[in-house]
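Spelled out from the first residue to the last, the chains are:
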Amino acid sequence: MDYSQFLAMKQEIGLLIVFLLVFLYDMFMPRRSLRALPGFTAVLMLIFTVGCIFCCCAHGSATTAFAGMYETSPVIAAIKNVLNVGVFIVLVQSIKWANSEPMHYRRGEFYELLLVTLFGMYLMISARHFLLFIIGLEAASLPLAAMVALDKNRYESHEAAVKYMLTAVFSSAVFMMGLSFVYGLTGSLYFEKIYFALTSQFSLMLVMAVAFVIAGIGFKLSLVPFHLWTADVYQGAPTSVTSYLSVISKGAAAFAFMVILAQVFGSVYSRVWEWMLYALIILTITVGNLFAIRQRNMKRFLAFSSVSQAGYIMLGIIAFNTMGVAAMIYYILVYIFSNLAAFGVIGAIENATGRVSMDDYRGLYKTNPRLSFTMMLAMFSLAGIPPFAGFFSKFFIFTSAINQGSTAIYVLVLIALINTIISLYYYLLVVKAMFISEDECQIANFRSSCSERLGMWIAVAGILLLGIVSCVYNNLLDMSAVSGLAAYFV
């Protein structure tokens, strides 16, 4: 075996180094020094993220390793860097919670499990063989169940962990059932070999195989009708874990989903799964929006919001062009900043007061104007109101889809636009409660911690700057053109 192949896995090796340093710090440093572990982990992640960004800029071509099972390229490195940025913000926002009384004995486990799940997501994104993909999928899924159950003193946390574990098990079983059909049809688990083997095939077994694979990954993405676990898990998990689940896990699953549909089933796109994805997108956006309107708990509210956002992300796949790939990555980046700004406010209020109900936010501007302003920017960006970054992310993903040119896609985009108007209503409900409500605020004035403010500042800066700095999207467009993902669709 040529061990030099491991040099292609620069980002994975760098992440393992970060994990080992965090693990050694947690194991061998004296107890009085462990309070610095959250800050130490965040600093390491920042250094690692900056280093990966520079490596991504220097890396100019696709590289494969391990007989084609692993692949890296500029666009793959870019999506990993997007996830790194989100993880860094989550780490910064979680410092106060990790050092709180119920968590200080388990803070090491939180960071170690988080880094293991991120490593699994790296493998999912770079896998070009289903064996490696499943290893990454399980590495990304199983530790998340332990993270959801970290708050041992709350029944809701245990319930959420059981629901997440059962969902992960059943979704993996469904996914592997689909893979068994694919292997039976093609005799291979390599993405490229399956692609060419399916070019001239069409059968009921193939339709079932694609349906099972889409269903298996649909659970990870919270696509309707595979979304029922989402609200309960988001509500029961600690807020820092919920924020990680809502953006990092979803972003990695979305890109891996696109790679599988393009490089494995792209040759049967129009014959087999185009109509499946149309139905999933319409159901996901519509059901997510309608259920979000009914929520009063802020974490459940953002859970159904994330279901709806997953539908918009899927429009990048339907576009099946270079612009669609770039628009999806850009949308995920904007979604990370927007959602983490909202979760930063929710986490700060929950850590200080224990309140998570939307009714408690009435009149919040009178007592905590800065938190109210941050939440308002997050809601505006998630709703797609100009000139914030969320408007441009929706604009690019709608434009990429329309460029496909078919009548069906025009209808799909029209339905998505109508749902955007519905989402405006429930996002503005939060803004109305904070700024317009005349009720006496239930949340007294308080000062959030430095780490919480820093996390919110970074997220707000991303919301404001990504709508202005156009070079980010242009660079993603150039990388997507080189990746050639759009060329797989037929």
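Residues numbered from 1 in each chain as written. Predicted model: local features only at pLDDT ≥ 70, side-chain atom pairs only at ≥ 80, totals over all residues. Heavy atoms only, no water.

Points about the overall build of the chain
Consideration 1: Of the regular secondary structure elements, the chain holds 20 helices and two strands.
Consideration 2: A compact globule built from 490 residues would reach a C-alpha radius of gyration of about 23 Å, and the chain, at 22 Å, matches this within 12%.
Consideration 3: Counting only C-alpha atoms, the chain reaches 65 × 55 × 45 Å along its principal axes.
Consideration 4: Burial status across the chain gives 61% buried among its 490 residues.
Consideration 5: Surface exposure of the chain reaches about 18500 Å², of which carbon and sulfur atoms provide 69%.
Consideration 6: Across the chain, the mean location of the 28 positive side-chain charges is 3 Å away from that of the 22 negative side-chain charges. (Helix = DSSP H or I, 4+ residues; strand = E, 2+ residues; numbered from the N terminus. Rg over C-alpha atoms; globule rule 2.2 N^0.38 Å. Buried < 20%, exposed > 50% of the residue type's maximum accessible area, 1.4 Å probe, protein only. Areas by Shrake-Rupley, 256 points an atom, 1.4 Å probe, with all protein chains shown as cover. Lys, Arg positive; Asp, Glu negative; His and termini not counted. Charge placed at Lys NZ, Arg CZ, Asp CG, Glu CD.)

Digging into the side chain of Arg-453
Consideration 1: Take Arg-453: it is sitting in helix 19 (residues 450-465).
Consideration 2: Buried and unpaired, Arg-453 has no salt bridge, with Glu-452 as the nearest side chain of opposite charge at 6.9 Å.
Consideration 3: Beyond its immediate stretch of four places on either side in the chain, Arg-453 contacts Arg-447 and Ser-448. (Salt bridge = Lys/Arg side-chain N within 4 Å of Asp/Glu carboxyl O. Contact = heavy atoms within 4.5 Å.)

What about the side chain of Gln-295?
Consideration 1: Relative to the helices and strands, Gln-295 is located in the loop between helix 12 (269-293) and helix 13 (298-319).
Consideration 2: Taking the relative accessible area as the measure of exposure, Gln-295 reaches 10% and is therefore buried.
Consideration 3: A distance of 3.3 Å separates the side chain of Gln-295 from the side chain of Arg-300, its partner in a polar contact.
Consideration 4: Ignoring any residue separated from it by four or fewer positions in sequence, one finds Gln-295 in contact with Arg-300, Phe-301, Phe-304 and Met-358. (Polar contact = N/O pair within 3.5 Å; in protein donor to acceptor, adjacent residues only side chain to side chain.)

Thoughts on a nonpolar patch on the surface
Consideration 1: A contiguous nonpolar patch, built from Tyr-3, Phe-6, Ile-13, Ile-17 and Leu-21 and spanning about 470 Å² of accessible area, is present on the exposed surface.
Consideration 2: Within the element layout of this structure, Ile-17 appears in helix 1 (residues 10-28). (Patch = residues over 30% accessible without salt bridge, like charges linked within 9 Å, V, L, I, M, F, W, Y side chains within 5 Å.)

Looking at unusual backbone geometry
Consideration 1: Cis geometry is found at the peptide bond from Val-224 to Pro-225, where omega equals 10 degrees.
Consideration 2: A cis amide bond links Pro-386 to the next residue, Pro-387, at an omega of 5 degrees.
Consideration 3: Note that Pro-387 resides in the loop between helix 16 (369-383) and helix 17 (389-402).
Consideration 4: Residues other than glycine seldom take positive phi values, yet Phe-66 does so here, at roughly 55 degrees.
Consideration 5: On the secondary structure map, Phe-66 appears in the loop between strand 1 (63-65) and strand 2 (70-72).
Consideration 6: Relative accessible area serves as the criterion here: at 18%, Phe-66 is assigned to the buried category.
Consideration 7: For Ser-222, which is not glycine, the phi torsion reads 65 degrees and is therefore positive.
Consideration 8: Looking at the secondary structure, you find Ser-222 in the loop between helix 9 (204-221) and helix 10 (230-236).
Consideration 9: Since its relative accessible area comes to 1%, Ser-222 is described here as buried.

Side note on the confidence of the model for the chain
Caution applies to low-pLDDT parts of the model: their predicted coordinates are not meant to be read in detail.
Consideration 1: Averaged over every residue, the pLDDT of the chain is 84; residues scoring 70 or more account for 97%.
Consideration 2: When pLDDT is averaged over each helix and strand of the chain, the minimum, 75, is found for helix 20 (residues 471-483) and the maximum, 90, for helix 5 (residues 107-126). (pLDDT = per-residue confidence, 0-100.)

A look at the pattern of salt bridges
A side chain with one charge may pair with a side chain of the opposite charge, provided their charged atoms come close.
Consideration 1: Under the definition given, this model contains eight salt bridges.
Consideration 2: Between Glu-159 and Lys-163 there is a salt bridge, with its nearest N and O atoms 3.0 Å apart. Here Glu-159 pairs with Lys-163, and both are found in helix 7 (residues 155-186), just four residues apart, close to one helical turn.
Consideration 3: Classification of Glu-159 by relative accessible area gives partly exposed; the value is 30%.

Regarding the packing of aromatic side chains
Consideration 1: For the structure on display, the rule yields 23 aromatic pairs.
Consideration 2: With 6.3 Å between their ring centres and 85 degrees between their planes, Phe-130 and Phe-133 make a pair best called edge-to-face. On the criterion of helical spacing, the pair formed by Phe-130 and Phe-133 is a turn pair, its members being three residues apart in helix 6 (residues 130-148).
Consideration 3: Residue Phe-130 is classed as buried on the basis of its relative accessible area of 0%.
Consideration 4: Seen in terms of ring centroids, Phe-130 and Phe-191 are 4.8 Å apart; in terms of plane orientation they differ by 55 degrees. Their pairing is tilted. Residue Phe-130 is located in helix 6, and its partner Phe-191 is located in helix 8 (residues 191-197); the two are separated by 61 residues in the primary sequence. For the pair Phe-130 and Phe-191, one class covers both residues: buried.
Consideration 5: Members of the aromatic cluster, each reached through a chain of ring pairs, are Tyr-330, Phe-391, Phe-392, Phe-395 and Phe-396.
Consideration 6: One residue, Lys-80, lies across the ring of Tyr-122, its end atom 5.2 Å from the ring centre. (Phe/Tyr/Trp six-rings, centres within 6.5 Å; stacked < 30°, edge-to-face > 60°. Lys NZ or Arg CZ within 6 Å of the ring centre and 35° of its normal.)

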